[in-house]
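# Understanding the architecture of this molecule
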Amino acid sequence: MSSRTRILLAGAVAFAAVFALIIGGTVALLVLRGGAGGGDRPTASATSIDTTVPATDPVPTPDPETTPTGEAEFCWYNAEEKRTSVDPSGHIAGGGLQMAVPQGIDWQHQTSLPYVPALDDVSVITTPVDENWVALMAVGGVVWQPGYEFPGTEKAAQRVVDCFAGSSGPWDSMVSKRHVESTTTEAVEIGGLSGHRTDAVLVFDQHKLTKTSGTILTAIVLDAPDGPVLFFSDIPRENTDLQAKRDAAIQTLVVV
C-alpha cells in the first residue's frame, strides 16, 4: 500500500459511516482521498467565496434549539452520507444523476469521495495516471449544511472546487506545495437542466509525481427536480485524452 493510500485511507476511517464499495477486488487509490469530514479551509490561493449568511436569509427550521446561529461552515462535509443508488450497466449514478462511463479505459469503482463537501450518494470511477495517483470522475447529490439555505448552483460549484483544492488531505502524500493558477465559472445547461460549472487549474509546485505537474478540478452543480446534483472530476492538466473523455461524459449527464 502506498504512502498516499495509507494517509488518505486513514482519513476515511475517521468517518466509518462512509465505506468504499470495491469492484474487481482492488482498493481503488481514490479511497484515498481521505475522510468525509473536517477538511481544512481552502488556502489563500483558492478562489475566495463569501461565506457570510445574511441575517435576512430564511432558515428551514424555526426551532431555536435546532436553528444554527452565525456563519455556515465554509467546507461542510456530510457525515451522514450514504449510498442509495444502484449503478446501471455502463453507467454510474448518484443523487438522481446518471453518467455514461467512458470506454477504452480500465476504470475502478468507488463509493466515497472525501474532501468534496455537501455530498451524498456518490458514485466514482478512477484510473491510474501516475505512480500512487489517480484521475477521477464522480456524480452524486448535493446536501447543504442543515439550517442554512442552499446558495445556488454558482456558489455551490465554486465552493466544491475551493474546498477540494484547499484541503490538505488529497495532496499531502505526493504534493507538498501547490497553487491555483486560474479559475473560471460559467452558466451551463446539460440534459435539460440549468446550473453552473467551475474549473480550476491546480499547479503542483513541489511534488513526487513523474507524469503530471498539475490537475484540472471541475465541478458542475445542476438544479434537478429533487434537489441539486453534482458532477466532479480531477484530471491531470497534461492528459488531453482524459480531458476529452471527461467532456464527452459530461454530455451524457441525465437526471433519472
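Criteria and thresholds
- Residues numbered from 1 in each chain as written.
- Predicted model: local features only at pLDDT ≥ 70, side-chain atom pairs only at ≥ 80, totals over all residues.
- Heavy atoms only, no water.
- 1 Å grid on protein atoms, 1.4 Å probe; cavity = no way out; pocket = protein on both sides within 12 Å on 5 of 7 lines; lining within 4 Å.
- Points joined across faces, edges and corners; volume = space filled by probe spheres on them.
- Nonpolar A, V, L, I, M, F, W, Y, C, P; charged D, E, K, R; others polar.
- Core = buried A, V, L, I, M, F, W, Y, C linked by side-chain atoms within 4.5 Å.
- Buried < 20%, exposed > 50% of the residue type's maximum accessible area, 1.4 Å probe, protein only.
- Contact = heavy atoms within 4.5 Å.
- Helix = DSSP H or I, 4+ residues; strand = E, 2+ residues; numbered from the N terminus.
- Pairing = 2+ DSSP bridges.
- Axes fitted to C-alpha atoms, helices over the stretch in contact; angles between N-to-C directions.
- Expected span 1.5 Å × (residues − 1).
- Salt bridge = Lys/Arg side-chain N within 4 Å of Asp/Glu carboxyl O.
- pLDDT = per-residue confidence, 0-100.

## So, empty space enclosed by the protein
One pass over the full model with this rule turns up two cavities of 30 Å³ or more. Lining the largest cavity, in full, are Glu73, Phe74, Trp76, Pro117, Ala118, Trp144, Gln145, Ala156, Arg159 and Val160. For the lining of the largest cavity, the class distribution of residues is seven nonpolar, one polar and two charged.

## Some words on the nonpolar core
The biggest cluster of nonpolar side chains holds 61 residues, and the ones touching the most others in it are Met99, Leu113, Leu230 and Phe232. Contact partners of Phe232, with chain neighbours within four places excluded, come to Leu113, Val116, Leu136, Met137, Ala138, Val160, Phe164, Leu217, Thr218 and Ala219.

## With respect to unusual backbone geometry
Of note, Ala118 is a non-glycine position whose phi angle comes to about 55 degrees, a positive value. Its location among the elements puts Ala118 in the loop between β3 (108–110) and β4 (119–130).

## A few points about the sheet that holds β3
The antiparallel open sheet is built from seven strands, whose spatial order is β3-β4-β5-β9-β8-β7-β6. Two strands close off the open sheet at either side, each with one partner strand: β3 and β6 (175–190). The average angle at which neighbouring strand axes cross in this sheet is 15 degrees, direction not considered. Packing of helix α2 (residues 153–166) onto the sheet brings it into contact with β6, β7 (193–207), β8 (214–222) and β9 (229–236), and relative to β8 it is tilted by some 150 degrees.

## A word on α2
For α2, built from 14 residues, the straight-helix expectation of 20 Å at 1.5 Å per residue is met to within 8% by its first-to-last C-alpha distance of 20 Å. Counted residue by residue, α2 has 12 buried out of 14 residues, so it is predominantly covered. Listing the buried residues of α2 in full gives Thr153, Ala156, Ala157, Gln158, Arg159, Val160, Val161, Asp162, Cys163, Phe164, Ala165 and Gly166. Its buried side turned inward, α2 meets β6, β7, β8 and β9.

## Points about the sheet that holds strand β2 (residues 97–100)
Read from one edge of the open sheet, three strands run β1-β2-β10, paired in antiparallel fashion. Of all strands in the sheet, those with a lone pairing partner are β1 (91–94) and β10 (254–255), marking the two edges. Pairing of β1 with β2 involves four bridges; the strand directions are antiparallel. From the neighbouring strand, Ile92 faces β2, where its bridge partner is Met99.

## Re the pattern of salt bridges
For the coordinates displayed, the defined rule picks out six salt bridges. Where Arg197 meets Asp247, a salt bridge forms, and the shortest distance between an N and an O atom there is 3.6 Å. Here Asp247 lies in helix α3 (residues 240–250) and Arg197 lies in strand β7, a separation of 50 residues in the sequence. Residue classification places Arg197 among the buried positions, given a relative accessible area of 14%. Look at Asp247 and you get partly exposed, because its relative accessible area is 32%. Note that Arg237 and Glu238 form a salt bridge whose closest N and O atoms lie 4.0 Å from each other. With relative accessibility at 37%, the residue Glu238 sits in the partly exposed group. Where salt bridges share partners, they join Arg197, Asp199, Arg246 and Asp247 into one cluster.

## A short note on the layout of surface pockets
Estimates place the volume of the second largest pocket at around 160 Å³. For the second largest pocket, the lining is made up of 13 residues, of which Gly95, Asp226, Gly227, Pro228 and Val229 are closest to its centre. Taken together, the residues that form the lining of the second largest pocket break down as eight nonpolar, four polar and one charged.

## Side note on the confidence of the model for the protein
On average, residues of the protein score 80 in pLDDT, and 73% of them are at 70 or above. Long-range and interchain partners of residues 1–67, a stretch whose pLDDT sits below 50, account for 142 contacts in this model, where long-range means more than four residues apart.

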